[in-house]
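The chain contents come next:
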Amino acid sequence: MRMKTRTLAVLWGLTLLAGPALAQTVEVGIREYKYEPAELKIRAGTTVKWTNNEKRTSHSVLFTGPGGFESERFFPGESWQHRFDSPGVYEYTCGPHPEMKGRIEVLR
Ligand SMILES: [Cu+2]
């Protein structure tokens, strides 16, 4: 009985340790030329997944800051994802539609 209790305690401790390190994915939808939500606050190590929910328009995610880059264009029903490991503020827009704006703040 005593062994069992200790084993459970160890497992519980491991779960606590592993918790924050577990990969998380946050969803951003795209509809009517808008990112939803347009602003996000996430922890470092989080993956953001954008899904195109339009009927016929393709979009991209174009990071405009230093070292910026653009995703592939993705079509209705398609997704693109990116993991953010470094804290900071990432402003982005859509390559073909610069009126679309998004912002991701990555916390420690
Ligand atoms: Cu677009």
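Structure's up top.
Criteria and thresholds
Residues numbered from 1 in each chain as written. Predicted model: local features only at pLDDT ≥ 70, side-chain atom pairs only at ≥ 80, totals over all residues. Heavy atoms only, no water. Buried < 20%, exposed > 50% of the residue type's maximum accessible area, 1.4 Å probe, protein only. Helix = DSSP H or I, 4+ residues; strand = E, 2+ residues; numbered from the N terminus. Pairing = 2+ DSSP bridges. Donors = N, O, S within 2.8 Å, 3.2 Å for Na, K, Ca; no water. Phe/Tyr/Trp six-rings, centres within 6.5 Å; stacked < 30°, edge-to-face > 60°.

Visitor: An account of the pairing of strand β3 (residues 39–43) is requested, with residue identities and associated values reported.
Guide: Every second residue of β3 is oriented toward a common face, the buried set being Leu40 and Ile42 and the non-buried set Glu39, Lys41 and Arg43. With five bridges joining them, β3 and strand β8 (residues 101–107) adopt parallel strand pairing. In the strand pairing of β8, Arg43 is matched with Leu107.

Visitor: Can you lay out the coordination of the copper ion for me, pointing to particular residues and giving the numbers?
Guide: The copper ion binds to the protein through His59 (ND1), Cys94 (SG) and His97 (ND1), with metal-donor distances spanning 1.9 to 2.1 Å. For the copper ion, all donor residues lie on one chain, and their spacing in sequence is H-x34-C-x2-H. With respect to burial, Cys94 and His97 carry one shared label: buried.

Visitor: Kindly report on the sheet that holds strand β5 (residues 62–63), identifying the contributing residues and their values.
Guide: Sheet strands associate in pairs through backbone hydrogen bonding, adopting either a parallel or an antiparallel arrangement. Ordered in space as β3-β8-β7-β5, the four strands form an open sheet in which the pairing is mixed. Each end of this open sheet is capped by a strand with a single partner; those strands are β3 and β5. Alignment of β5 against strand β7 (residues 88–93), held across two bridges, turns out to be antiparallel. Within β7, the residue paired with Phe63 across the bridge is Tyr92.

Visitor: Describe the packing of aromatic side chains, listing the residues and the values that go with them.
Guide: Per the stated rule, a full pass over the model turns up eleven aromatic pairs. When the centroid spacing of 6.4 Å and the interplanar angle of 65 degrees are considered together, the rings of Phe69 and Trp80 count as edge-to-face. Residue Phe69 is found in the loop between β5 and β6 (79–84), and its partner Trp80 is found in strand β6; the two are separated by eleven residues along the sequence. Residue classification places Trp80 among the buried residues on the basis of a relative accessible area of 17%. Linked through ring pairs, Tyr35, Trp50, Phe63, Phe69, Trp80, Phe84, Tyr90 and Tyr92 together constitute an aromatic cluster.

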